[in-house]
Amino acid sequence: MPADDKWKANMEKVAYMKAFPGLLGAWDQLIGKTVKTVLPLKSKSGSAALICTDGSFMVVPLLRPEPYEVGEALQAGRAHLEPTHSAAYAEYDRLLKQDKEAQRTARLENILGAIRNNAEQIPELKDRLAELIKEWK
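The structure reproduced in this document is the subject of the present report.

Basis of the calculations
Residues numbered from 1 in each chain as written. Predicted model: local features only at pLDDT ≥ 70, side-chain atom pairs only at ≥ 80, totals over all residues. Heavy atoms only, no water. Phe/Tyr/Trp six-rings, centres within 6.5 Å; stacked < 30°, edge-to-face > 60°. Buried < 20%, exposed > 50% of the residue type's maximum accessible area, 1.4 Å probe, protein only. Helix = DSSP H or I, 4+ residues; strand = E, 2+ residues; numbered from the N terminus. Pairing = 2+ DSSP bridges. Axes fitted to C-alpha atoms, helices over the stretch in contact; angles between N-to-C directions. Salt bridge = Lys/Arg side-chain N within 4 Å of Asp/Glu carboxyl O. Parallel < 35°, antiparallel > 145°, perpendicular 65-115°, else oblique. Left-handed = near helix turned anticlockwise from the far one by under 90°. Contact = heavy atoms within 4.5 Å. Nonpolar A, V, L, I, M, F, W, Y, C, P; charged D, E, K, R; others polar.

Before going further, it helps to spend a moment on the packing of aromatic side chains. Applying the stated criterion across every chain, the model contains 3 aromatic pairs. Centre to centre, the rings of Y16 and F20 are 5.8 Å apart; their planes meet at 85°, and the pair counts as edge-to-face. Judged by relative accessible area, Y16 falls into the exposed class, the value being 54%. Both rings, one in Y89 and one in Y92, keep their centres 6.2 Å apart while their planes meet at 90°; by these two values the pair is edge-to-face. Here the residue Y89 and the residue Y92 both occupy positions in helix α4 (residues 86-119), the gap between them amounting to 3 residues, near one helical turn. The exposure classification of Y89 matches that of Y92, with both residues buried.

The next thing to look at is the pairing of strand β2 (residues 48-52). By the criterion of burial, β2 is predominantly enclosed, with 4 of the 5 residues buried. Alignment of strand β1 (residues 35-40) against β2, held across 5 bridges, turns out to be antiparallel. Its bridge partner lying in β2, V35 is registered against C52.

Reading across from one edge, β1-β2-β3 is the order of the 3 strands in this open sheet, with antiparallel pairing throughout. Each edge of the sheet is formed by a strand with only one pairing partner; in this case those strands are β1 and β3 (57-60). Going across the sheet, the axis of each strand differs from the next one's by a mean of 20°, ignoring polarity. Bridge count between β2 and β3: 4 bridges; the pairing is antiparallel. Following the sheet pairing, A49 is matched in β3 by V59.

The subject of this paragraph is the pattern of salt bridges. Taken as a whole and judged by the stated rule, the model has 6 salt bridges. Here K33 ties to D54 by a salt bridge, and the two come within 2.5 Å at their closest N and O atoms. In this pair, K33 is assigned in the loop between α1 (3-18) and β1 and D54 in the loop between β2 and β3, connecting sequence segments 21 residues apart. For E82, the salt bridge identified is with R78, shortest N-O distance 3.1 Å.

Let us now look at the packing of helix α2 (residues 67-76) against α4. Contact geometry of α2 with α4 gives a least axis separation of 12 Å together with a crossing angle of 125°. When the axes of α2 and α4 are compared, the pair comes out oblique. The hand of the α2/α4 crossing is left-handed. The segment α2 lies against α4, with G71, L74 and Q75 engaging Y89, Y92 and L96. In terms of residue class, the contact of α2 with α4 is made up of 4 nonpolar, 2 polar and no charged.

Structure (structure tokens):
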């Protein structure tokens, strides 16, 4: 078989696979469907085929969400997830509060450190800070 024929045959096969009946191409196409089974794919570690009860399917990559994505998912899905995972959400809320407080404290320490480190090099800094404090009172 000439190389050109092989290329054409492969292109035809790929086009057919991409248009295969039931192949879903977007996450929102799973809405309302029931996943029947999850089959790991040997070709790429962590990837899988989600097979639905209606014969539709989706190929999914290895799921390694970034922390910000998990946090956004927890916030977006809270109304759906919290009834089942109320204790986990209570702990999550505690950790969020702890993180915000630690961030606030770190900012305060950074500002105070910057003031201390620059006080000698910028003599008018103390006077300007005193004026600023008077403005706030």
